[in-house]
Amino acid sequence: CRRIANGGNSQMIRTAVIGSFVADLMAMAPRLPARGETVMGSLFRTGAGGKGFNQAVAAHLAGADIQFASRMGRDAYAGLAVETMERIGLSTEHLVWSERDATGAALICVDSEAGGNQIVVVPGACGHFEEEDLPPLFGLAGSCGYLLMQLEIDQHLVERLAQSAAAQGVRVILNPAPAAPLSAKLCEALYLVTPNEVEAAQLTGVTCKSRTDCRRAARILLERGIKHIVITLGSQGVYCCDGTRDILFPNYDLPVVDTTGAGDAFNGGLLAGLSQGMDLFDAVAYGAVVSNLSVTKVGTAAAMPSLAEIRQFTQKHGMLKGGIQSLLP
């Protein structure tokens, strides 16, 4: 945060996000429906989304030098991505276009009272990259300092990109969502993994309800060859372990409107912090700020905070004095 307050780091580290883009079809209702139930809603919005896209937008707005790559169809939903990227100044250079597959979509129901959500994702074009799409992706993956990916695209491709990038000295970050078993080759290529508490339990068999639980889960992931572990814990905050030290960062006391995309906001903010030269713990704290601000608005990519909003928050809460402790609530 100190670098951001002082106008940014002149030695910005180039980063990339390779992942999903889907159109978000979001409905808000007083409560989430039970199985077989119809609930009358109060709001409907269509917007740009997908874990990869959300994380790239969050990182870009939070100050990262970032490139984003995904695959989409030539349809109206893809136009949501292009319009958003052009409006915020995020390059469209690495978008891959399909003449056959439709752009993906996500159906999102948001509880207007508690801010919780239910989501169904249909990846569409971004769920399958053709072999001819791949050379530019491998070039992008190997040309950055940090590469962030998720599991809404083909996991075999994620593994190939991770191994290739890691072999070239790139620090590879995986947000393992939706959760799936991770191969030994993929784990060994990862600098950092960022599951939420549900995904951490699926990956390790450990239910993460406390810092002690998180330590157990982190130890299992470290033993698989992953270098650093971050577990997002919803209302409990964020746990971070670098193999020797660990910290549990609590959340801030902010009004929660919509938690959809909060994990994506965190990952994007984390990447932005790393891109500006922060160490892992300061970058995690910065990502927590971005995530907490995002839940005060409705939507996913549309809810990601601007750099001005992040600076205002960090100044208001006295986070510019230096050190990890200054970043805690």
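What counts as what
Residues numbered from 1 in each chain as written. Predicted model: local features only at pLDDT ≥ 70, side-chain atom pairs only at ≥ 80, totals over all residues. Heavy atoms only, no water. Pairing = 2+ DSSP bridges. Helix = DSSP H or I, 4+ residues; strand = E, 2+ residues; numbered from the N terminus. Patch = residues over 30% accessible without salt bridge, like charges linked within 9 Å, V, L, I, M, F, W, Y side chains within 5 Å. Areas by Shrake-Rupley, 256 points an atom, 1.4 Å probe, with all protein chains shown as cover. Salt bridge = Lys/Arg side-chain N within 4 Å of Asp/Glu carboxyl O. Disulfide = S-S within 2.5 Å. Buried < 20%, exposed > 50% of the residue type's maximum accessible area, 1.4 Å probe, protein only. Core = buried A, V, L, I, M, F, W, Y, C linked by side-chain atoms within 4.5 Å. Contact = heavy atoms within 4.5 Å. Axes fitted to C-alpha atoms, helices over the stretch in contact; angles between N-to-C directions. Parallel < 35°, antiparallel > 145°, perpendicular 65-115°, else oblique. Nonpolar A, V, L, I, M, F, W, Y, C, P; charged D, E, K, R; others polar. Phe/Tyr/Trp six-rings, centres within 6.5 Å; stacked < 30°, edge-to-face > 60°.

Participant: Sorry if this is basic, but what is going on with the sheet that holds strand β13 (residues 238-241) here?
Facilitator: Neighbouring strands of a sheet are bound in pairs by backbone hydrogen bonds; such pairs are parallel or else antiparallel. Pairing in this open sheet of eight strands is mixed, and the strands run β4-β1-β9-β10-β11-β12-β13-β14 from one edge to the other. Both outer strands of the open sheet, β4 (65-69) and β14 (246-249), are each paired with one neighbouring strand and no more. One ladder, built from four bridges, connects strand β12 (residues 228-232) with β13; its direction is antiparallel. When the bridges of β13 are listed, Val230 appears paired with Cys240.

Participant: How should a nonpolar patch on the surface be read in this particular structure?
Facilitator: Taken together, the side chains of Leu107, Val120 and Val122 make up a nonpolar region of the molecular surface, amounting to roughly 270 Å² of accessible area. Note on placement: Val122 falls in strand β8 (residues 117-124).

Participant: When you look at the state of the cysteines in this model, what are you seeing that I'm missing?
Facilitator: Each disulfide is one covalent bond, formed between the sulfur atoms of two cysteines. Enumeration according to the criterion identifies zero disulfides in this entry. Cys241 provides the cysteine sulfur closest to Cys187, a residue in no disulfide bond, and the two sulfurs are 15 Å apart. Judged by relative accessible area, Cys187 falls into the buried class, the value being 1%. We note that Cys208 lacks a disulfide partner, and the nearest cysteine sulfur, in Cys214, lies 4.3 Å from it.

Participant: Got a minute to help me understand the nonpolar core in this structure?
Facilitator: It is characteristic of soluble globular proteins that their nonpolar side chains tend to be buried jointly. In this structure, Ile18, Leu147, Met149, Leu174, Ile229 and Ile231 are the most contacted members of the largest nonpolar core, which totals 52 residues. Ignoring any residue separated from it by four or fewer positions in sequence, one finds Leu147 in contact with Ala16, Ile18, Ala141, Leu161, Ala165, Val170, Arg171, Val172 and Ile173. Membership of the second largest hydrophobic core comes to 50 residues, among which are Ala64, Val284, Val290 and Leu293.

Participant: For this particular structure, what's the right way to read the pattern of salt bridges?
Facilitator: This model, assessed by the stated rule, comprises 13 salt bridges. Of the charged contacts in the structure, one is a salt bridge between Glu131 and Arg160, with a shortest N-O distance of 3.5 Å. Residue Glu131 is located in the loop between β8 and α4 (134-141), and its partner Arg160 is located in helix α5 (residues 155-167); the two are separated by 29 residues in the primary sequence. Residue class for Glu131 comes out exposed when judged on its relative accessible area of 53%. A relative accessible area of 29% means that Arg160 is categorised as partly exposed. The residue Asp246 makes a salt bridge to Arg215 at a minimum N-O spacing of 2.6 Å. One end of the pair, Asp246, is in strand β14; the other, Arg215, is in helix α8 (residues 211-223), and 31 residues separate them in sequence.

Participant: Help me understand the packing of helix α2 (residues 51-61) against helix α3 (residues 76-88) in this model?
Facilitator: Helix-helix packing: each pair is described by the crossing angle between the helix axes and the interaxial distance. At a minimum axis separation of 11 Å, α2 and α3 run at an interaxial angle of 10 degrees. In this view, α2 runs roughly parallel relative to α3, as classed from their interaxial angle. Packed against α2, whose contacting residues are Phe53, Val57, His60 and Leu61, the element α3 presents Ala81, Thr84, Met85 and Ile88 at the interface. A breakdown of the residues in the contact of α2 with α3 according to their chemical character gives six nonpolar, two polar and no charged.

Participant: Help me understand the side chain of Thr84, please; the structure alone is not making it clear to me.
Facilitator: Position of Thr84 relative to the elements: it lies in helix α3. By relative accessible area, Thr84 is classed as buried at 10%. Not counting chain neighbours up to four residues away, the residues in contact with Thr84 comprise Ala48 and Phe53.

Participant: What's the story with the packing of aromatic side chains in this structure? I'm lost.
Facilitator: A ring pair, where both rings are aromatic, is described by two values, the distance of the centres and the angle of the planes. Under the definition given, this model contains four aromatic pairs. Taken together, a centroid distance of 5.2 Å and an interplanar angle of 85 degrees make the contact between Tyr252 and Phe313 edge-to-face. One end of the pair, Tyr252, is in the loop between β14 and α9 (262-275); the other, Phe313, is in helix α11 (residues 307-316), with 61 residues separating them in the sequence. As far as burial versus exposure is concerned, Tyr252 and Phe313 are alike and both buried.

Participant: How should the environment of Ile173 be read in this particular structure?
Facilitator: Structurally, the position occupied by Ile173 is in strand β10 (residues 171-175). On the accessibility criterion, Ile173 (1% relative accessible area) is buried. Taking C-alpha positions, Ile173 is 21 Å from Val22, a pair spaced 151 residues apart along the chain. Other than its neighbours up to four places away in sequence, Ile173 contacts Tyr146, Leu147, Leu148, Met149, Tyr191, Leu192, Thr194, Leu271 and Leu274.

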